[in-house]
Amino acid sequence: MTETSAGTSAALLSPYQLTGPSSLSVGAKATYTLTPPSGTTLTSAVTVTLACTLAGTFAPSSVVLAAGSTSSVAFAFTFTPTAAGSGTLATTNSGGLTDPNGISVFAIALSTAFTTFTLTGPTSLVVGTSATYTVTPGSGTALTSAVTITPNCTLSGTFSPTSVTIPAGSTAAATFTFVPSESGAGTVSVTNTGGLSNPSDLFVTSNASAPTYTAYGISGPRSVLVGTPATYTLTPGTGAAHASAITLTPDCTLAGTFAPSSLTFAAGSTAPVTFTFTASAAGNGLMSVSNNATLTDPASFTLTALSGAASTSLPVDCESFLFSPGNWSGDAGRGGSGWRRTWNVGAWLKVVWLASATPTATLHLGPSGTGAYVTMFLNGTAMTNLSAQGDITLSGITAGQVNTLEVFLTRTPDSSRWNGGANCLSVSGMTLDAASSLARASISRSWGKIVGDDLAEGIAADDGADNVLCAWPYLVLRAMDNAGYDTCISASADSGYLTPGDSTKDVPAFHVVADSSNGMGGAYNDSLSRWNRIDAGISALDSDGMLSSYGDAGTAPSWVAFNLLANDAAASASTSDATAAMTHSLVAHRAAAPDAWLFPIMPFAFHDASAYGSSWAQVFNGALSAYQLAYPDDEKVVAIDVGARLSLLLRANPGLYTTTDGKRLTAEGHAVFASIVSGAILAALGSGRQRICTFY
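One structure accompanies this document, and this report is about it. Because the structure is a prediction, the values reported are computed rather than measured. (Residues numbered from 1 in each chain as written. Predicted model: local features only at pLDDT ≥ 70, side-chain atom pairs only at ≥ 80, totals over all residues. Heavy atoms only, no water.)

1. A look at the sheet that holds strand 10 (residues 117-120)
Spelled out, the test is: Note on pairing: DSSP must find at least two bridges between two strands before they are called paired. In this description a helix means any DSSP run of H or I spanning at least four residues, a strand means any run of E spanning at least two, and both kinds are numbered starting from the N terminus. Orientation is described by axes fitted as lines to C-alpha atoms, over the contacting stretch for helices, and by angles from 0 to 180 degrees between their N-to-C directions.
An order of 10-12-16-14 is seen for the 4 strands of this open sheet, with the pairing classed as antiparallel. The open sheet has two edge strands with one neighbour each: strand 10 and strand 14 (157-160). The mean inter-strand angle of the sheet, taken between neighbouring strand axes irrespective of direction, is 20°. Note that strand 14 and strand 16 (residues 174-180) share 4 bridges and pair antiparallel. The residue bridging Thr158 from the neighbouring strand is Val179, located in strand 16.

Right, here's the structure in full:
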């Protein structure tokens, strides 16, 4: 046998070995090994050159197989991908050895560091007056390097400081001020040194003097005693005083007298003014105020006048009220004493009070003209299909006992809901008779969140009518309530990870990612996503960036369930972006709820290729695989899948379990689906098992 400079002739026939992983993460080192050919002793050193068609770096850049080494000796090197994608890692050598086959590799980028930031601040400026602006990092963890943000304005003026820095390791907001030196219209913009997506410019107007106020508000009681004056206050809005006096005239459809009958915002003043109203008869009426200028009048409200003794008013922030976590905004962000508002079908509230011997109670709902309908359970007895356009006076109150009222938003048109739209539900308190008193509602418990679409809203679930009480999330809610958890239902018809919701498409999609490749990488768009918002401008996160029940720190959910993708499939959305979006969403929720169980739920129809095609089940499973590959130590991810057999049962029985198109569930179908979901969630919460995949 003739030897070569590298080894024996056997070495020329038997390749040296290249081993290592094929699944990589961007920025993470992966270790590979080289071993000489089996049964061979190298007689001289061989240099192996490393290459990969996927962008990245080797350490070292080449490997030397030492003379005298055999297959029992391994030589290691690392490869760190710098971009998401796929490629081939291969080697060549200087000794005439047979090169092994390359390794097909793919890398995913699941960095949770923020990639966006927002710019907020006033748009109406005054020459010579300082205006403060805030730049706030978007969703994600801190960066490893500091980023400098530099403001600019097309109007002349002075910034202080001229730039701000978001330090490495921080997600804290930063502020700067701008003092315009000229009048006119322009834009305030920012640029950054960190490759972040810059926010949209703010259009600003600078005036030689402050603009005058354009609106005013009214405050005062919503229930009064017949014959007793009630005081109301009118307060000018933000802005400077007007040069001329403005006359204000109150009015009420309830019989009574005003004192004075009209009043005035004085010229040159922004001081509030007051009037009294004395009801002369019991009943309900609409209170409003008008003005003789062009100010925007405050919204009218329902006023209740009671005869006899004074009434008891329960504001929405008193201990008698409990609202479903993660659903409601208020007159002060997510709180306040004036009102609560939600657009989420399935949102609920609870009121508890001690009734007198001759009790009365009126719940104040709205807004007037809303298409919202509610179902109430008074001490367990249902009152269904009630319009929420105004006050609802209760009947069937148990005298002398603690009474509990549950209210569910059961349906509302799938339009004009987001951003405080006309079809929201608002609650402004409850009025009791004077001898009744508040009682403490259940203390807020551990909670979970259900994210969904048409199915979760109960679209067409009630013999063709919309009713969330027939939908699987409501049934799961009741099961979780029995297990000691409050539940938030956050759903939007027609929505998905990538697809905006409602018929008007004005509800943001859940978690938008674009420009991915083979389901990997991609850019998250926070401005088009709603996962971290209660409503437009209302964050679902606390001051630490965690999901929160009512805005307080340390109140993240114990579990979150996601049943999306069906509308993305129906809209023929990018399967790559949908895969990336679902993966990114899991990453974001893990960062915002570190201890929560996460329950991705496969849409029941995905097992039937005739419904949405064969690729969408792969989207679901691919997203899970990508997440688990990047986070192998996460033991609280549970995939819930009804499986092919039960999916066939549901879809094979239109009219019984599904609607005629086979894509929506009837009440009976929802009950079957809910039993699978609630069983899997309760099993996981009770057992602590890792990645339970439930198939039936």
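2. What to know about the pairing of strand 41 (residues 486-491)
What counts, and what does not: Relative accessibility decides the category of a residue: with a 1.4 Å probe and only protein chains considered, values under 20% of the type maximum give buried, values over 50% give exposed, and everything between is partly exposed.
In terms of residue burial, strand 41 counts as a mostly covered element, since 6 of its 6 residues are buried. Taking every second residue as pointing to the same face, both faces of strand 41 are buried, with Asp486, Cys488 and Ser490 on one and Thr487, Ile489 and Ala491 on the other. Bridge count for strand 40 (residues 447-452) against strand 41 is 6 bridges, and the pairing is parallel. Across the sheet, the residue bridging to Lys449 is Cys488, located in strand 41.

3. Observations concerning the side chain of Thr78
The cut-off we apply is this: In this analysis, two residues are considered to be in contact whenever any of their non-hydrogen atoms come within 4.5 Å of each other.
Inspection of the secondary structure assignment puts Thr78 in strand 7 (residues 75-81). Looking at Thr78, the relative accessible area reads 17%, which means it is buried. Among residues more than four places away in sequence, those in contact with Thr78 are Lys29, Ala30, Thr31, Thr57, Phe58 and Ala59.

4. Quick word on the side chain of Asn532
Within the element layout of this structure, Asn532 appears in the loop between strand 43 (523-525) and strand 44 (533-535). By relative accessible area, which is 8% here, Asn532 ends up buried. Those residues in contact with Asn532 that lie beyond four places of it in its chain are Ser139, Tyr524, Asp526, Ser539, Ala540 and Leu541.

5. Considering helix 5 (residues 575-592)
Our working rule: One less than the residue count of a helix, multiplied by 1.5 Å, gives the span that helix is expected to have. Whenever two N or O atoms come within 3.5 Å, that pair is a polar contact, provided that in protein one can donate a hydrogen and the other can accept it, and provided that, for residues adjacent in sequence, both atoms are side-chain atoms.
For helix 5, spanning 18 residues, the distance from its first C-alpha to its last is 25 Å, which sits close to the expected 26 Å at 1.5 Å a residue. Judged by how many residues are buried, helix 5 sits mostly within the fold: 16 of 18 residues are covered. At the N-terminal end of helix 5, a side-chain oxygen is found 3.3 Å from the backbone nitrogen of Ser576, two or three residues along, and the residue is Ser574.

6. Some words on the packing of aromatic side chains
Inclusion rule: Centre distance within 6.5 Å is the pairing criterion for rings of Phe, Tyr and Trp, where only the six-membered ring of Trp is used; planes under 30 degrees apart are then read as stacked, over 60 as edge-to-face, and the remainder as tilted. A ring is considered to have a charge above it if a Lys NZ or an Arg CZ atom is located within 6 Å of its centre and within 35 degrees of its normal.
In total, this model carries 25 aromatic pairs according to the counting rule given. Ring geometry for Tyr216 and Phe265: centres 5.8 Å apart, planes at 80°, overall edge-to-face. Of this pair, Tyr216 sits in strand 19 (residues 216-219) while Phe265 is found in strand 24 (residues 263-265), placing the two residues 49 residues apart along the sequence. Comparing Tyr216 with Phe265, the two get one shared label, buried. Taken together, the ring pairs connect Tyr232, Phe258, Phe275, Phe277 and Phe301 into an aromatic cluster. The ring of Phe323 carries Arg340 above its face, with NZ or CZ at 5.7 Å from the centroid. A cation over a ring is seen here: Arg478 above Phe377, with NZ or CZ 5.4 Å from the ring centre.

7. Focus: the packing of helix 5 against helix 7 (residues 615-630)
We apply this condition: By definition, any crossing whose near helix is turned counterclockwise from its far helix by less than a right angle is left-handed, and any crossing with a clockwise turn is right-handed. Throughout, the ten residues Ala, Val, Leu, Ile, Met, Phe, Trp, Tyr, Cys and Pro are labelled nonpolar, Asp, Glu, Lys and Arg are labelled charged, and all others, Gly among them, are labelled polar.
Interhelical geometry of helix 5 versus helix 7 gives an angle of 40° and a closest axis separation of 8 Å. In this structure, the crossing between helix 5 and helix 7 has a hand that is right-handed. Along its contact with helix 5, which presents Thr575, Ala578, Thr579, Met582, Thr583, Leu586, Val587 and Arg590, the element helix 7 presents Ser615, Trp616, Val619, Phe620, Gly622, Ala623, Leu624, Ala626 and Tyr627. Classifying every residue of the contact of helix 5 with helix 7 by side-chain character gives 11 nonpolar, 5 polar and 1 charged.

It is worth stressing that arrangement in space is one thing and function is another; only the former is reported here.
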